[in-house]
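# Architecture at a glance
Spelled out, the chains give:
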Amino acid sequence: MPRMPETGQPGSEELVLGFLAEAGDEFVSGGAISDKLGLSRAAVWKHVEQLRAHGYRIDAAPARGYRLREIPDRLTPLELRPLIATRDLGQVLHCFDEVTSTNDVARTLAEDEAGHGEVVIAERQTAGRGRRGRAWVSPPGRNLYLSAVLRPDLPPQRAPEITLVASVALCDAVRQAGVEAGIKWPNDLLASGRKLAGVLTELASEPDRVDWVVLGIGVNLNARPEDFPPELRAEATSVAIERGQPAPRALFAAALLKALEDWLDRHADGGFGPVREAWRERSVTLGREVQISADGRDIAGVAEDLDESGALLVRAGKRLERVLSGDVVLARAR
Ligand code: BTN
């Protein structure tokens, strides 16, 4: 059964949790929590007990107070809200156990006047979609499937920049989680040469401006090799496979939303220049021999640069090809 979207104000239980989460590894006294939140000590104790019943591990020590030890590996507003440190992104959350595709849900919301930054997250997708009509393998409870509704102030021809913004932010969040990832043009995230995450962007626009963008991000976080179909096992990886230990999904989702908002702000303030620079620094494509099938053409050459509109420039003999979309296959590093 899908969970109901939760978009209201945080309840007291969530506020207690937020207070504990903010304190990190430190103990917080029951008195400090009750003063701060205007609750009685008995009410604080009751909320701690409720949180424990929801799977949170909370230490209690006489004269020291409470300490949050472990949050359950679930992606519901209760886990996510205290961790989200953004202005807009994820301030309205729609969390589900199962959807066809978070992009489908976000598109419907966008068409229904959802605001900038509303986020859809699901534990499982039954029809997860990848780029170029491919399926996105979406096993339950292990990965992150997230779609954000954005309303950027951009003319339609600049919309592809948003996908590159997302790939830079995604790369930063994955590196922060301890995995040395890089971007394969335009927005695949690779680690050890295997795919770890991807971005699927969908949009609607008027002749002169973008109406909405749905940014769909899939990250293989805790997938094990056996969670991928046999034909993908040599090509796909996850944060857990790469770093040898599972990644807390709620923490990762919050860090990703923060990185995404920071990069969207830089893009809104400074244009594509800083994003282009950051993309180049994180690229595993530039300087490599590539083969690209793009719009019915096959191009082979060396990926030279990302141009000022986000196209890939490929040196093929004497010609410099400008590639706007397509699938890149990387030859061995030179
Ligand atoms: C790619 O092919 O690399 C893009 C993959 C994008 C997958 C994500 S998972 C969340 C969102 N919902 C989908 O159906 N697709 C995107």
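In this report, we go over the structure that sits alongside the text. Quick caveat: nothing in here was measured; it's all calculated off a predicted structure.

## Some points on the pattern of salt bridges
Applying the stated rule across the entire model yields 35 salt bridges. The partner of R280 in a salt bridge is D305, with the nearest N and O atoms 2.9 Å apart. Highlighted residues: R280 in helix α9 (residues 272-282) and D305 in strand β11 (residues 297-306), separated in sequence by 25 residues. The exposure class of R280 is partly exposed, given its relative accessible area of 24%.

## A look at unusual backbone geometry
Negative phi values dominate among residues other than glycine, just as trans dominates among peptide bonds. Following W185, the chain continues into P186 via a peptide bond in cis, with omega recorded as -5 degrees. As for its position among the elements, P186 is in the loop between β6 (182-184) and β7 (188-191). You will see that E113, though not glycine, has its phi angle at about 70 degrees, which is positive. Summarising the element assignment, E113 is placed in the loop between α5 (102-111) and β4 (119-125). For E113, a relative accessible area of 67% gives the class exposed. Positive phi is not limited to glycine here, since S192 has a value of about 50 degrees. Inspection of the secondary structure assignment puts S192 in the loop between β7 and β8 (194-205). Relative accessible area serves as the criterion here: at 58%, S192 is assigned to the exposed category.

## Remarks on helix α1 (residues 12-22)
All buried positions along α1 are accounted for by E13, E14, V16, L17, G18, F19 and L20. Those residues of α1 hidden inside the fold are in contact with α2 (30-37), α3 (41-53), β1 (57-61), β2 (65-70) and α4 (77-80). Just downstream of α1 lies G24, where phi reads positive at about 60 degrees.

## Looking at the pairing of β8
Pairing geometry for β7 and β8, over three bridges, is antiparallel. Bridge pairing in β8 links L189 to A197. The hairpin turn running from β7 into β8, its antiparallel successor, is two residues long, and S192 in that turn takes a positive phi close to 50 degrees. In this antiparallel pair of consecutive strands, β8 and strand β9 (residues 210-219), the connection spans four residues.

## A word on the packing of helix α6 (residues 160-176) against helix α8 (residues 249-270)
One can describe the packing of α6 onto α8 by two numbers: an axis separation of 8 Å at closest approach and a directional angle of 140 degrees. When the axes of α6 and α8 are compared, the pair comes out oblique. The two elements α6 and α8 meet at a crossing, and its hand is right-handed. Taking contact as the criterion, the partners of E161, I162, V165, A166, V168, A169, L170, D172, A173, V174 and Q176 in α6 are, on α8, F252, A255, L256, A259, L260, W263, L264 and H267. Among the residues forming the contact of α6 with α8, the class breakdown is 15 nonpolar, two polar and two charged.

Rules used throughout
Numbering of residues starts from 1 in each chain and follows the order in which that chain's sequence is written. Local features in this predicted model are restricted to residues whose pLDDT is 70 or higher, and side-chain atom pairs enter the listing and the counts only when it is 80 or higher, whereas totals over whole chains, interfaces and linings include all residues. Calculation of side-chain values draws on the structure's entire complement of heavy atoms; hydrogens and water are dropped beforehand. The term salt bridge refers to a pairing of a side-chain nitrogen on Lys or Arg with a carboxyl oxygen on Asp or Glu at a separation within 4 Å. Elements are defined by DSSP. Helices are runs of H or I of four residues or more, strands are runs of E of two residues or more, and each kind is numbered from the N terminus. Note on exposure labels: buried denotes an accessible area under 20% of the residue type's maximum, exposed denotes more than 50%, and partly exposed covers the range between, all computed with a 1.4 Å probe on protein chains only. The contact rule is simple, with two residues in contact once any of their heavy atoms fall within 4.5 Å. Two strands make a pair as long as DSSP finds a minimum of two bridges between them. Interaxial angle, 0 to 180 degrees, is taken between N-to-C directions of lines fitted to C-alpha atoms, where a helix line uses only the stretch in contact. Each angle gets one of four labels, with under 35 degrees taken as roughly parallel, over 145 as roughly antiparallel, 65 to 115 as roughly perpendicular, and the rest as oblique. By convention, the crossing between two helices is left-handed when the near helix turns anticlockwise from the far helix through less than a right angle, and right-handed when the turn is clockwise. Three classes are used: nonpolar for Ala, Val, Leu, Ile, Met, Phe, Trp, Tyr, Cys and Pro, charged for Asp, Glu, Lys and Arg, and polar for all others, with Gly counted as polar.

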